[in-house]
Every structure is written in C-alpha cells, then in structure tokens.
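If you want the building blocks of each chain, they are given just below.
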Amino acid sequence: MNTLSTLLIVVGLFLLGGVYSFAKQKQPTGVIVLLSLGAAFCLVAGLLRLDVWS
C-alpha cells in the first residue's frame, strides 16, 4: 500500500502547485479554496496511510 500513499502525496503536491499558479494569476477565490482543500485532503490521506505513522 506504499504506492497509494506515494500517489496521494504526489497528487497533493501537484494540487498545491495549482493553488500557487491560480493565486498568482488572480483566479477566482472559490477555485483556489477548492484546490487547496483537495490538496490538503490528499496530503493528509497520503501521510496517514504511510507505514511510518501507523
């Protein structure tokens, strides 16, 4: 199950890059909030699924 954790962390970091890019381009706040929530959920889920934390 380490692969799923890694995938969740990578997707979370990708979404964080999107948040940064959208904030820099002055996109609507709703899009930025949704992307940041998705990134946070992916990163937290990936970290909680790691074998190190369990």
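Anything mentioned here points back to the structure above.
Report on the accompanying structure. (Residues numbered from 1 in each chain as written. Predicted model: local features only at pLDDT ≥ 70, side-chain atom pairs only at ≥ 80, totals over all residues. Heavy atoms only, no water.)

For the rest of this paragraph, the subject is the overall build of the protein. When helices and strands are counted, the protein shows 2 helices and 0 strands. Its C-alpha atoms give the protein principal-axis dimensions of about 40 × 15 × 10 Å. The buried share among the 54 residues of the protein stands at 20%. Long-range contacts, defined here as pairs at least 24 residues apart, represent 68% of the contacts in the protein between residues at least 6 apart. (Helix = DSSP H or I, 4+ residues; strand = E, 2+ residues; numbered from the N terminus. Buried < 20%, exposed > 50% of the residue type's maximum accessible area, 1.4 Å probe, protein only. Contact = heavy atoms within 4.5 Å.)

Moving on: unusual backbone geometry. Look at Lys-26: it is not a glycine, yet its phi comes out positive at around 60 degrees. Summarising the element assignment, Lys-26 is placed in the loop between α1 (2-24) and α2 (29-49). By relative accessible area, Lys-26 is classed as exposed at 72%.

Counting residues in hydrophobic clusters, the biggest one holds 6 residues: Leu-15, Val-19, Ile-32, Leu-35, Ala-39 and Cys-42. Mapped onto this core, the elements with two or more residues apiece are α1 and α2. The dominant element in this core, judged by the number of residues it contributes, is α2, at 4 residues. (Core = buried A, V, L, I, M, F, W, Y, C linked by side-chain atoms within 4.5 Å.)

Right, let's get into the environment of Leu-34. Among the structural elements, Leu-34 can be located in helix α2. For the pair Leu-34 and Leu-7, spaced 27 residues apart in sequence, the C-alpha to C-alpha distance is 19 Å.

Turning our attention to the environment of Arg-49. Looking at where Arg-49 falls in the secondary structure, it is placed in helix α2. Judged by relative accessible area, which is 34%, Arg-49 ranks as partly exposed. A sequence separation of 45 residues divides Arg-49 from Leu-4, and the C-alpha atoms of the two residues are 8.0 Å apart.

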